[in-house]
Amino acid sequence: MTPQHPTTPARAGAASAALALVLVSAAPAAAAGPTAAGPGRTVLGAGGQQLTVSAASGLDPLGRTVRVTGGGYDGAKGIYVAFCKDNGDNRVPAPCVGGADTTGGSKASQWIVPRGDAHAGELGIPYGEGGRFDVELRLTAKNEGLDCTQVACSVVTRVDHRGAGDRSQDVRVPIAFRGQDPVGPGGEGVDVPQGTVGYRAVAEFTTAGKPRDLMFHPDSRKLYVGSDDLPDTADVNESGLHVLDPVDGKVRSTVNQAPGANGTPGRRAVRQLIAPLPGDGVVFSYPLRGIGTAKDGDTVAAGAWVPGGAVTDAGPGIAPGTVFVAQGPVLSEVDVATATVKRGITLEGGDGFAVDPVRKAIWFPDAGNGRLYRIDATTLQVAATVELPAGEDYAGFTEVDPETGAVWIGIGTSVVVHDAAGKRLRVLTGDDLPRAARFDPVTHEAYVVRQDPGDTSQPGSDNNGSLTVYRTTDFGEAAKPVVLPGNQGQLGFASLAVEPGGGTVFVSNPAEGRITRLQRSVSPKVTQGPTDQTVTEGDRAVLTARADGTPEPTVTWQVSDDGGRTWKAVEGADAPVHSFTARASDNGHRFRAEFRNEAGTSRTTPVTLTVGAPGTTTGGASGNTGTSDGATGGAGGSAGDTAAGATGGGPGTAGSTTGDSASGSSGASGASGTSGASGASVTGGTGTTTTGGGALASTGTAVATLAGSAVALTAVGWALVRRKRAGNTG
């Protein structure tokens with residue numbers, strides 16, 4: 001990829017004081033460096049982005065040029081590609097190596113901009129097709145107070161200064177320098193990013209007639225189902241309140257009798273579950289005007305009929321022993337035991353409503369006129385009127401997130417979200433009709449079930465519904481959408497119930513008379529990865545890797561004898577710890593662990609096994625004094641790397657680990673050897689371990705604190721824009 005316009009000397013000079021955003025050609029180039037580095041690594045972002053770094057471990061601390069490629073990025077959002085301190089998920093990576101680049105050629109960072117952007121070619125590189133880019137970065141371990149041998153650092157992408165708070169393009173590839181173990185656990189997702197959340201159907205219940213509403217009782221942990229009779233089972237009437245075992249769907253009990261208008265018990269369908277009762281049981285509504293209560297083991301419900309018209313919706317009250325009911329446009333507070341109306345208000349609309357007991361508010365939509373009323377539940381007076389999208393039909397639900405007070409409304413094929421004060425926060429679009437929503441305060445997630453309209457003659461109708469899970473913090477998808485085959489709305493609206501913590505979700509399908517039990521799954525996320533090892537032939541090599549996931553992932557160790565080009569499973573190696581006797585033929589082999597479960601596959605970063613001949617070890621250069629470039633002799637390591645200006649110290653100490661003259665790492669104890677020459681390796685026998693310090697530590701140089709890269713990138717970005725504008729005016 002080549003910039004659209006050459007950088008003129010004047011423009012280059014103007015940009016030279018900025019962070020490395022003035023770039024040379026991004027055409028692919030082989031990574032250059034004084035020594036061989038480890039393999040490349042690819043990480044998948046939450047939005048499907050793919051970020052690849054050509055070498056991610058064993059890098060020369062004094063500097064290594066790597067190739068960085070990306071794909072699947074949002075081409076409308078400019079991003080920075082930089083090498084920064086890794087502060088973890090959903091945190092701005094800061095500070096960044098390079099700081100304020102003044103050379104114009106250090107390649108400390110790159111700026112990728114949308115096609116046609118005003119800065120494309122002059123300061124930034126435009127995206128290729130499919131949100132792709134291909135650039136180079138110069139990675140150094142230490143710069144302007146940041147030391148990536150002491151803290152975790154990664155090659156990162158993030159939205160540029162024009163969207164500094166936008167985390168949607170964040171992807172991070174951890175980097176390790178020579179002498180370091182790989183930073184963090186390492187590893188990558190193969191088919192989906194590590195830790196990807198999804199839901200899978202594990203059971204279907206057909207024991208509760210035509211399910212109209214579901215509730216997972218928070219105390220008794222029983223599944224309550226309000227049902228109509230299913231026409232397909234003409235020999236039995238299945239209407240009523242069913243209590244199911246949530247694991248296998250077996251019916252614990254059925255409450256099939258409730259009082260009618262004159263108080264006489266009779267068979268009643270249950271259309272809506274209003275609220276749980278303490279300990280066990282529910283408050284529910286039944287046609288046409290009944291309000292009842294019952295619990296597991298009851299055969300006849302307590303109940304009474306509300307005076308007036310048919311009840312069209314109901315919700316929990318804010319006072320003990322009360323509920324709110326809608327009878328079309330009439331909203332009333334009703335006593336549960338007697339169904340006596342305590343007070344009421346008449347409004348236009350009556351599509352449905354939601355109660356926020358915490359904030360003592362009721363949200364009452366009038367979709368036909370494009371408005372939403374916020375009612376003070378203590379006075380039953382309108383406190384505010386909010387605009388809804390015009391021309392869209394009510395899709396079937398109004399629900400309040402009890403944690404935040406945000407109100408979610410199904411309008412057309414969208415879900416419109418307003419905050420507790422009525423300000424619109426987001427419109428979540430989809431192809432099918434949103435019918436019900438539930439919230440889980442443990443995971444801070446919202447669950448929305450959608451139904452196909454059920455008319456296959458219409459474009460886009462496939463007779464399938466879906467379950468979508470959103471984060472209530474930023475409204476992003478918290479799990480992959482789940483297809484619900486055959487869930488269409490011709491014969492009734494779907495409902496759902498969520499087990500606290502989101503581990504299990506239940507979704508009803510009235511048309512088919514079934515309830516689907518879905519289980520949460522999480523793709524493997526590597527929590528511990530193996531590290532490079534050097535052993536003597538005949539010794540035991542021990543590799544350890546672990547990963548979290550739901551269900552618990554299985555592990556298989558793999559080996560490559562051709563530098564990572566091809567891999568094969570190690571027979572019998574299916575435990576987190578893989579231990580074996582090293583042979584000479586194993587020298588240079590690469591190993592990795594692959595974790596699998598139903599949600600996906602993840603692999604650890606490959607590591608290399610070095611096998612030495614029996615009775616031979618090599619020591620690294622030992623020294624205490626480094627020159628001003630930060631190179632310091634390591635103590636007693638094997639196959640020690642030397643750097644310009646390193647000074648050999650006293651007798652070397654042999655060991656089995658790598659001594660790094662640039663990083664000052666310490667080798668294992670070995671025999672006393674002879675003094676090494678400047679920058680040279682020495683060989684020793686037995687002796688004591690010595691530890692060399694870095695140059696800054698040796699000379700007493702103070703390390704200045706570097707300001708966060710978020711501030712630096714933003715400030716520099718605007719500085720570049722201002723400089724360009726100033727140049728144009730001249």
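Residues numbered from 1 in each chain as written. Predicted model: local features only at pLDDT ≥ 70, side-chain atom pairs only at ≥ 80, totals over all residues. Heavy atoms only, no water.

Visitor: I'm lost on the environment of S227 in this one. Help?
Guide: With respect to the helices and strands, the residue S227 is situated in strand β15 (residues 223-228). Distance from S227 to G513, taken between C-alpha atoms, is 9.4 Å for residues 286 residues apart in sequence. With sequence-adjacent residues up to four places away left out, S227 is seen in contact with A208, K210, P211, R212, E238, S239, G240, H242, A269 and V270. A polar contact is formed between the side chain of S227 and the backbone oxygen of A208, at a distance of 2.4 Å. (Helix = DSSP H or I, 4+ residues; strand = E, 2+ residues; numbered from the N terminus. Contact = heavy atoms within 4.5 Å. Polar contact = N/O pair within 3.5 Å; in protein donor to acceptor, adjacent residues only side chain to side chain.)

Visitor: So what exactly am I meant to see when it comes to the pairing of strand β3 (residues 64-71) here?
Guide: Consecutive residues of a regular strand have side chains that alternate between opposite faces of the sheet. For β3, the tally of buried residues reaches six of eight residues, placing the bulk of the element in the interior. Pairing analysis gives four bridges linking strand β2 (residues 50-53) to β3, with the strands arranged antiparallel. From the neighbouring strand, V53 faces β3, where its bridge partner is V68. Relative to strand β7 (residues 133-139), β3 runs antiparallel, the two being bridged by seven bridges. Bridged to T69 within β7 is D134. (Buried < 20%, exposed > 50% of the residue type's maximum accessible area, 1.4 Å probe, protein only. Pairing = 2+ DSSP bridges.)

Visitor: It is not clear to me how the state of the cysteines should be interpreted in this structure. Could you clarify?
Guide: Put plainly, a disulfide is one covalent bond tying together the sulfur atoms of two cysteines. One pass over the full model with this rule turns up two disulfides. The disulfide partner of C84 is C96, and the gap between their sulfur atoms is 1.9 Å. Here C84 and C96 share a disulfide; its torsion about the S-S bond, 85°, makes the bridge right-handed. Taken together, the residues span a long stretch of sequence, with C84 in strand β4 (residues 79-85) and C96 in the loop between β4 and β5 (109-113) at a distance of twelve residues. Under the relative-accessibility criterion, C84 is labelled buried at 1%. (Disulfide = S-S within 2.5 Å.)

Visitor: How do you make sense of the nonpolar core when you look at a structure like this?
Guide: Core analysis: the largest hydrophobic core is formed by 29 residues, its most contacted members being V68, V81, F83, F133, V155 and I175. Of all the secondary-structure elements, those providing two or more residues to this core are β2, β3, β4, β7, β10 (153-159) and β11 (171-175). Ignoring any residue separated from it by four or fewer positions in sequence, one finds V155 in contact with L51, V53, V68, V81, A82, F83, L137, L139, V171, R172, V173 and I175. Counting 19 residues, the second largest nonpolar core, distinct from the first, contains A573, A593, F595 and V611. (Core = buried A, V, L, I, M, F, W, Y, C linked by side-chain atoms within 4.5 Å.)

Visitor: Could you clarify how one ought to interpret the sheet that holds strand β28 (residues 354-356) in this entry?
Guide: The strands that make up a sheet are held in pairs by hydrogen bonds between backbone atoms, and each pair lies either parallel or antiparallel. Strand order in this open sheet of four strands is β28-β29-β30-β31, and the pairing throughout is antiparallel. The open sheet terminates on both sides in strands that have one partner only, identified here as β28 and β31 (381-387). For this sheet, the mean inter-axis angle between neighbouring strands, taken without regard to orientation, is 25°. Pairing geometry for β28 and strand β29 (residues 361-366), over three bridges, is antiparallel. Within the sheet, the bridge partner assigned to D356 lies in β29 and is A361. (Axes fitted to C-alpha atoms, helices over the stretch in contact; angles between N-to-C directions.)

Visitor: Would you explain the pairing of strand β21 (residues 282-286) in this entry?
Guide: With five of five residues buried, β21 is to be regarded as a mostly interior element. Residue alternation in β21 divides its side chains into two sets, V282, F284 and Y286 and V283 and S285, and both sets are buried. As paired elements, strand β20 (residues 272-276) and β21 share four bridges and run antiparallel to each other. Across the sheet, residue P276 finds its bridge partner in β21, namely V282.

Visitor: I'm lost on the pattern of salt bridges in this one. Help?
Guide: Side chains that carry opposite charge are capable of pairing whenever their charged atoms lie near each other. Under the counting rule described, the total for this entry stands at 28 salt bridges. For D86, the salt bridge is made with R172, and the minimal N-O distance between the two is 2.8 Å. Placement of D86 in the loop between β4 and β5 and of R172 in strand β11 is noted, with a sequence separation of 86 residues between them. Overall, D86 belongs to the buried group, its relative accessible area being 18%. Judged by relative accessible area, which is 26%, R172 ranks as partly exposed. (Salt bridge = Lys/Arg side-chain N within 4 Å of Asp/Glu carboxyl O.)

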